[in-house]
Amino acid sequence: MLRTLTAGESHGSALTAIVEGIPAGVTLDRAFIDRELERRQGGYGRGKRQKLETDRIFIDSGTFKGVSTGAPITLRLINNDAKLERLSEPAAPRGGHVDLAGSISYQTGIRQVLERASARETAVRVAAGALARLVLREVGITVFGYVAELGGIAAPPLSRDVAVRDASPVYTLNPEADAAIVAAIDAAREAGDTLGGVVETIVTGCPIGLGSHVQPDRRLDARLACAVMGVQAIKGVEIGLGFEAARRPGSKVMDPIRYEPEHDADDRRYGFRRPSNNAGGIEGGTSNGEPIVVRAAKKPISTLASRGPSINMATKAESPATYERSDVCAVPAASVIVENVVGFEIAAALLERFDGSSLDSLRATMAAVHALNREKLDHWAERP
Ligand SMILES: Cc1cc2nc3c(=O)[nH]c(=O)nc-3n(C[C@H](O)[C@H](O)[C@H](O)COP(=O)(O)O)c2cc1C
Ligand SMILES: C=C(O[C@@H]1CC(C(=O)O)=C[C@@H](OP(=O)(O)O)[C@H]1O)C(=O)O
């Protein structure tokens with residue numbers, strides 16, 4: 001079982017994640033994890049904080065000579081801007097943040113809850129996801145994320161071919177759309193406003209059979225939605241066609257099934273091909289071998305330089321919401337975060353389906369189940 005817990009405050013000394021369930025025998029490629037951390041720090045529209053932080057991973061346990069042992073792996077990131085004890089209490093809670101509800105719920109000041117609620121935490125969650133993706137990489141599963149839309153401006157659709165190359169920059173590849181998006185972010189900043197957007201993640205190479213139809217909490221789509229909604233500021237998740245499916249007749253939603261014998265021997269789908277992928281790679285909570293497509297809506301940043309209306313908590317008088325500094329747009333970062341939390345969840349489902357005590361046994365059990373599936377398909381008529 002692959003699981004993780006994170007700890008740490010935005011301006012505390014460090015962020016930590018303990019990841020349990022990474023198979024023994026995985027080369028812990030720090031450069032890959034650091035690259036994901038660097039991608040998360042990038043993207044147009046970020047505030048001053050990213051200039052202060054240089055996220056590099058420390059691996060404190062679960063490794064011997066750079067290779068995983070099967071024991072829990074501790075991931076740690078240092079906060080350069082560690083000034084928690086020197087920070088003041090915000091006078092007026094910011095709408096769209098945990099400030100009001102959290103400080104009432106936990107009976108603390110606003111500072112205590114906002115420090116943990118901050119999306120700074122996503123840095124170490126990306127590290128955990130990137131670590132899990134090292135396992136996926138070993139068995140030919142790739143995860144790719146990009147910005148589909150920002151501030152209402154559609155980025156040009158990436159072709160599946162580009163998507164699976166897993167080597168693209170943080171967001172759109174079209175200079176015209178980039179220019180329009182950059183201009184929109186600049187205009188929002190000028191106006192003291194902020195922008196949100198839509199990000200998409202595509203997973204390729206998944207074997208048939210991750211997740212299950214038998215219980216709601218084992219459905220792969222439910223698990224992915226939970227993981228993605230767990231990212232700060234994500235307000236909607238779609239799998240495949242998502243909400244668009246509700247607007248179409250069934251004949252325009254259901255993906256036909258074809259059999260192409262020439263592919264039977266050489267792939268994880270046993271020759272079954274779907275000319276469309278409206279289901280986004282998951283049917284009945286189970287991966288069907290097609291690319292898994294997850295989209296997420298990120299709301300615009302709630303902290304406004306123009307300071308939205310709020311209340312001074314001590315006097316209850318009207319007061320503009322507290323403002324120190326903030327991102328104007330973090331959609332490109334959200335794309336990297338969603339990509340990595342999806343990667344983590346896919347790895348978790350994979351390691352439940354197959355034996356994940358070591359990389360060798362993961363490979364061996366994947367191959368054994370594949371061979372068994374093929375044999376059973378060849379003798380379909382004998383099924384009970
Ligand atoms: C990468 C990233 C960066 C963020 N940066 C900021 C920020 O600078 N200022 C801000 O007010 N909110 C920021 N947010 C959003 C808040 O963390 C989030 O809205 C807040 O914790 C409340 O949670 P909720 O929106 O999920 O309800 C960011 C979110 C992400 C994913
Ligand atoms: C630190 C990060 O994002 C932070 C997320 C965040 C929030 O409220 O979520 C608020 C800002 O914090 P600060 O006020 O310290 O600048 C962002 O910079 C990060 O992504 O690494």
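Residue positions are given per chain, counted from 1 along the sequence in the order it is written. The lettering of chains begins at A and the numbering of ligands begins at 1, in the order of writing. Only residues with pLDDT of 70 or above have their local features reported here, since the model is predicted, and side-chain atom pairs are shown and tallied only from 80 upward, although totals for entire chains, interfaces and linings are computed over all residues.

S.K.: Can you tell me about the site of ligand 1, naming the residues and giving the values?
M.R.: In the region of ligand 1, 21 residues are neighbours, and Ala119, Gln232, Thr303, Asp327 and Ala330 sit closest. When residues in the shell around ligand 1 are grouped by element, the largest group, three residues, is from helix H10 (residues 331-353). Amino acids are sorted into nonpolar (Ala, Val, Leu, Ile, Met, Phe, Trp, Tyr, Cys and Pro), charged (Asp, Glu, Lys and Arg) and polar (every other residue, Gly among them). A breakdown of the residues in the shell around ligand 1 according to their chemical character gives ten nonpolar, nine polar and two charged. Using a C-beta atom placed from the backbone, a residue is scored as near a molecule or strand whenever that atom is within 6 Å of it. Numbering goes from the N terminus for both helices and strands, where a helix is a DSSP run of H or I of at least four residues and a strand is a run of E of at least two.

S.K.: So what's going on with the UniProt feature "binding site: FMN" (unreviewed entry) in the chain? Which residues, and what values?
M.R.: The positions that UniProt labels "binding site: FMN" (unreviewed entry) are, in the present scheme, Arg116, Ala117, Ser118, Gln232, Ala233, Gly284, Lys299, Pro300, Ile301, Ser302, Thr303 and Arg325. Considering the C-alpha atoms alone, the annotated residues occupy 210 residues of sequence and remain spread out, their largest mutual distance being 44.7 Å. Along the chain, Arg116 falls in helix H4 (residues 110-117). A residue is called partly exposed when the number of other C-beta atoms within 10 Å of its own lies between 12 and 20, exposed at 12 or fewer, and buried at 20 or more, with C-beta atoms placed from the backbone. On the neighbour-count criterion, Ile301 (23 C-beta atoms within 10 Å) is buried. Excluding residues within four positions of it along the chain, Ile301 makes contact with Thr194, Ser326, Asp327, Val328, Cys329 and Ala330. UniProt positions are given in the numbering used here, feature names are shortened, and annotations may be inferred rather than shown by experiment. Working definition of a contact: two residues with C-beta atoms, positioned from the backbone, lying within 7 Å.

S.K.: Give a description of the environment of Ser10 that names residues and reports values.
M.R.: Structurally, the position occupied by Ser10 is in the loop between strand S1 (3-7) and strand S2 (14-20). Here the alpha-carbon distance between Ser10 and Ile311, two residues 301 residues apart in the chain, equals 24 Å.

S.K.: How would you summarise the sheet that holds strand S9 (residues 197-204) if you had to cite specific residues and measurements?
M.R.: Sheets are built from strands that pair by backbone hydrogen bonding, the pairs being arranged parallel or antiparallel. Strand order in the open sheet formed by five strands is S8-S7-S9-S15-S10, and the pairing between neighbours is antiparallel. Every interior strand has two partners, whereas the edge strands, strand S8 (153-154) and strand S10 (234-239), have only one. Note on pairing: DSSP must find at least two bridges between two strands before they are called paired. Two strands pair when backbone bridges link them, and S10 and strand S15 (residues 292-298) are joined in this way by five bridges, in the antiparallel orientation. Of the residues in S15, the one forming a bridge with Ile239 is Val294. Inter-axis angles, ranging from 0 to 180 degrees, are taken between N-to-C directions of lines fitted to C-alpha atoms, where helices are fitted over the stretch in contact. Its contacts with the sheet put helix H8 (residues 220-229) on S10 and S15, and the angle it makes with S10 is roughly 155 degrees. In the packing of H10 onto the sheet, contacts are made with strand S7 (142-150), S9 and S15, and the angle to S7 comes to roughly 150 degrees.

S.K.: Can you lay out the site of ligand 2 for me, pointing to particular residues and giving the numbers?
M.R.: Near ligand 2 you find 13 residues, and of these Arg49, Ser118, Ala119, Arg120 and Ala123 are the closest. Each residue belonging to the shell around ligand 2 can be placed in one class, and the counts come to two nonpolar, five polar and six charged.

S.K.: Can you break down the sheet that holds S2 residue by residue, with the values?
M.R.: Pairing within the open sheet is antiparallel, and its four strands lie in the order S1-S2-S6-S3. Of all strands in the sheet, those bounded by a partner on one side alone are S1 and strand S3 (58-59). Sheet topology note: the S1/S2 ladder contains five bridges and is antiparallel. Residue Arg3 lies in a different strand from S2, and its bridge partner there is Glu20. Packed onto the sheet, helix H5 (residues 122-138) meets S1, S2 and strand S6 (73-78) and runs at close to 30 degrees relative to S2.

S.K.: Break down the UniProt feature "binding site: NADP(+)" (unreviewed entry) in the chain for me, with residues and values.
M.R.: Taken from the UniProt record, the annotation "binding site: NADP(+)" (unreviewed entry) applies to Arg40 and Arg46. In this structure, Arg40 sits in helix H1 (residues 30-41). On the basis of neighbour count, Arg40 is assigned to the buried category, with 28 C-beta atoms found within 10 Å. Dropping the residues within four chain positions of it, Arg40 is found in contact with Thr122, Ala123, Val126, Ala333, Val336 and Ile337. Of note, Arg46 is situated in the loop between H1 and helix H2 (49-52).

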